[in-house]
Amino acid sequence: QVQLVESGGGLVQSGGSLRLSCVVSGRFVRINAMGWYRQAPGNERELVAAITSGGSANYADSVKGRFTISRDNAKNTVYLQMNSLKPEDTAVYYCSAQVTLISKVDVWGQGTQVTVSS
């Protein structure tokens, strides 16, 4: 069974920074793309940033220039560095990974709360 565990969420003032981490554990052949999503109350879950196994990244327009996604393949870990945080960044942040077992499977973490106060 594959598990994703996020950490690093919390409460921060507007303009501050947080770094989220997500570790993938369990039995799998390889980790393909990894990403971070977020869901604010009353909103649908949206993609924040994603990164391929080769390191190519893409971002939502709302976070470009402020957030950076990276991964450490040796540690099966993906990070999200969030700078210049705004109150509208407040949401539950979810880590996602596509892993190869027999076939490709999308796996999700339990989520971590990020709250940005004004």
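These numbers were taken from a predicted model, which means no experiment stands behind them.

Draft legend 1. Inspection of the environment of Met-34 at higher detail. Looking at the element boundaries, Met-34 is found in strand 4 (residues 30-39). Classification of Met-34 as buried rests on a relative accessible area of 2%. In sequence terms Met-34 and Cys-95 are 61 residues apart; their C-alpha atoms lie 7.5 Å from each other. Among residues more than four places away in sequence, those in contact with Met-34 are Val-24, Ala-49, Ala-50, Ile-51, Ile-69, Arg-71, Thr-77, Val-78, Ser-96 and Ala-97.

Draft legend 2. Here's a closer look at the pairing of strand 4. Sheet topology note: the strand 4/strand 9 (residues 91-100) ladder contains 8 bridges and is antiparallel. Residue pairing across strands places Arg-38 opposite Tyr-93, the latter belonging to strand 9. In the sheet, strand 4 pairs with strand 5 (residues 46-51) via 5 bridges, with the strands oriented antiparallel. Counted as the bridge partner of Arg-38 is Glu-46 from strand 5.

Draft legend 3. Broad picture of the packing of aromatic side chains. A full pass over the atoms with the stated rule returns 1 aromatic pair. One Lys or Arg, Arg-45, reaches over the ring of Tyr-94 and ends 3.7 Å from the middle of that ring. Against the face of Trp-108 rests Arg-45, its NZ or CZ located 4.8 Å from the ring centre.

Reading the values: rules and limits
- Residues numbered from 1 in each chain as written.
- Predicted model: local features only at pLDDT ≥ 70, side-chain atom pairs only at ≥ 80, totals over all residues.
- Heavy atoms only, no water.
- Helix = DSSP H or I, 4+ residues; strand = E, 2+ residues; numbered from the N terminus.
- Buried < 20%, exposed > 50% of the residue type's maximum accessible area, 1.4 Å probe, protein only.
- Contact = heavy atoms within 4.5 Å.
- Pairing = 2+ DSSP bridges.
- Phe/Tyr/Trp six-rings, centres within 6.5 Å; stacked < 30°, edge-to-face > 60°.
- Lys NZ or Arg CZ within 6 Å of the ring centre and 35° of its normal.

These figures capture arrangement, not role.
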